[in-house]
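# Observations on chain architecture
In case you want the letters, here they are:
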Amino acid sequence: MQPADLTITPRDRRFGRDEKTPRWWHGGDPYATAFYNALSVTFPKGEAFFVESVRAFREGADPRLAKEIKAFTTQEAIHSREHAAFNNRVKDSGYDVAPLDAYVDARMEIAKARPMIVQLAATMALEHFTAILAHELLANPKHLEGADKASADLWRWHAAEEIEHKGVAYDTWLHATKDWTRWKRWKVKALVMVDVTRHFMAGRAEAMMELLRQDGITGAKAKWKMFRYAFVSPGMARRVLGMWLTYFLPRFHPWQHDDRTLIAAYEASVPNGEETFAKKVRYAA
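Predicted, not measured: the structure shown is a model, and the values here were computed from it. (Residues numbered from 1 in each chain as written. Predicted model: local features only at pLDDT ≥ 70, side-chain atom pairs only at ≥ 80, totals over all residues. Heavy atoms only, no water.)

Let us now look at the overall build of the protein chain. Along the protein chain, the regular secondary structure elements total eleven helices and zero strands. Traced from its N-terminal end to its C-terminal end, the protein chain shows the element sequence α-α-α-α-α-α-α-α-α-α-α. Taken over the C-alpha trace, the protein chain has a radius of gyration of 18 Å; the compact-globule value for 285 residues is 19 Å, and the two agree within 12%. With respect to the three principal axes, the spread of C-alpha positions in the protein chain is 55 × 45 × 30 Å. Once local pairs closer than 6 in sequence are excluded, the contacts in the protein chain between residues at least 24 apart make up 86%. As displayed, the protein chain has an accessible area near 13400 Å², and 58% of this comes from carbon and sulfur atoms. Charge-centre separation for the protein chain: the mean point of 42 positive side chains lies 4 Å from the mean point of 36 negative side chains. (Helix = DSSP H or I, 4+ residues; strand = E, 2+ residues; numbered from the N terminus. Rg over C-alpha atoms; globule rule 2.2 N^0.38 Å. Contact = heavy atoms within 4.5 Å. Areas by Shrake-Rupley, 256 points an atom, 1.4 Å probe, with all protein chains shown as cover. Lys, Arg positive; Asp, Glu negative; His and termini not counted. Charge placed at Lys NZ, Arg CZ, Asp CG, Glu CD.)

In this section: the side chain of serine 80. With respect to the element layout, serine 80 can be found in helix 2 (residues 63–92). In this view, serine 80 contacts Phe43, Pro44, Glu47 and Ala48; residues no more than four positions away in its chain are not counted.

So, on to the environment of glutamate 109. Along the chain, glutamate 109 falls in helix 3 (residues 98–112). On the accessibility criterion, glutamate 109 (61% relative accessible area) is exposed. On a C-alpha basis, the gap between glutamate 109 and aspartate 171 in space is 25 Å, while along the polypeptide they are 62 residues apart. (Buried < 20%, exposed > 50% of the residue type's maximum accessible area, 1.4 Å probe, protein only.)

Applying the stated criterion across every chain, the model contains 19 aromatic pairs. Consider the rings of tryptophan 25 and phenylalanine 86, whose centres lie 5.7 Å apart with planes at 85°: the pair is edge-to-face. Linking tryptophan 25 in the segment before helix 1 (30–55) with phenylalanine 86 in helix 2, this pair joins segments that are 61 residues apart in sequence. With a relative accessible area of 3%, tryptophan 25 lands in the buried category. Judged by its relative accessible area of 1%, phenylalanine 86 falls in the buried class. With 6.0 Å between their ring centres and 80° between their planes, tyrosine 247 and phenylalanine 248 make a pair best called edge-to-face. Taking NZ or CZ as reference, lysine 189 lies 4.7 Å from the ring centre of tyrosine 247, over its face. (Phe/Tyr/Trp six-rings, centres within 6.5 Å; stacked < 30°, edge-to-face > 60°. Lys NZ or Arg CZ within 6 Å of the ring centre and 35° of its normal.)

It is worth spelling out the packing of helix 6 (residues 168–176) against helix 7 (residues 182–214) at this point. Their axes nearest at 11 Å, the elements helix 6 and helix 7 cross at an angle of 140°. The angle between helix 6 and helix 7 falls in the class oblique. Between helix 6 and helix 7 the crossing geometry is right-handed. Across from Tyr170, Trp173 and Leu174 in helix 6, the residues of helix 7 making contact are Arg185, Val188 and Lys189. (Axes fitted to C-alpha atoms, helices over the stretch in contact; angles between N-to-C directions. Parallel < 35°, antiparallel > 145°, perpendicular 65-115°, else oblique. Left-handed = near helix turned anticlockwise from the far one by under 90°.)

Our focus in this paragraph is helix 11 (residues 260–269). Think of an α-helix as turning once every 3.6 residues; residues three or four places apart then point the same way. All buried positions along helix 11 are accounted for by Leu262, Ile263 and Tyr266. For helix 11, the angular spread of the buried residues around the axis is 100°, confining them to a single face. Exposed residues lying more than 90 degrees from the buried face of helix 11 are Thr261 and Ala268. In this fold, the buried residues of helix 11 make contact with helix 4 (116–139) and helix 5 (149–164). (Arc of directions from axis to C-beta.)

On to helix 6. For helix 6, the tally of buried residues reaches seven of nine residues, placing the bulk of the element in the interior. Burial in helix 6 covers these residues: Val168, Ala169, Tyr170, Asp171, Thr172, Trp173 and His175. In this structure, the buried side of helix 6 is in contact with helix 1, helix 2, helix 4 and helix 7.

Inspection of every chain in the model, using the stated rule, returns 19 salt bridges. Across the pair glutamate 82 and arginine 17 runs a salt bridge, and its minimum N-O distance is 2.7 Å. Of the two residues, glutamate 82 sits in helix 2 while arginine 17 sits in the segment before helix 1, which places them 65 residues apart along the sequence. Note on arginine 17: relative accessible area 38%, which makes it partly exposed. The closest approach of N and O atoms between arginine 198 and aspartate 195, which form a salt bridge, is 3.1 Å. One end of the pair is arginine 198 and the other is aspartate 195, both in helix 7 and three residues apart, which spans about a single turn. Salt bridges sharing common partners tie together Asp12, Arg14, Arg17, Arg81 and Glu82. (Salt bridge = Lys/Arg side-chain N within 4 Å of Asp/Glu carboxyl O.)

In structure tokens form, the structure reads like this:
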């Protein structure tokens, strides 16, 4: 379960509003830029889906979980806002993200046609993905080395909050399936995770290659370099594999791995007085 002293705190920050983001904002590297741009495109609509699926099961939740769902909703709403702004800067730098948006829309249509409990299971699986990516992003500074400051600040902020609320969807799932057998609960979450992983990995790979194509980078060499970036060096996809597998353990819970030290380190890195960092925001209803 969640640590007893954990408080989920929405941090209302804004990034890069008054500046132009370079086309290859990640150290002049088209592969690194494509990796993060392809991920960002999914966030505004994806996080709205997460909010809807979690809130659908808030009835009957204990007071603590109900409060955490509200905080989760607020954090995700702000994340959607900031990634929408980031995605606009991606478009302003010359990329056509319409094909990527179309893929996300198609996946959302399929997901929303499924029962709400399956939508919650998909959210829980994807929240595990975002939590382990967030952990690796903050734990290993190499991932954002050389990146445009405003963009790097956005990703670090998002990562810290993803870690902070990583147990909310899972605890909502436990609440929603409290009458299920342990076997049924495990079977559904495992099958959904396998399906989510297949589409998530294939979709992001396709999106990365589309962005690289727009840079005139195509062919087998482009695919190899993209694979090398994701799985070799810095190897984000490879580095999170072990944490991804823990999801299938029978008694798994996201907070079995307490990585709040990464949140504390992030907060300590933010300059004192930086605008809106400590601003309190009203939780979404």
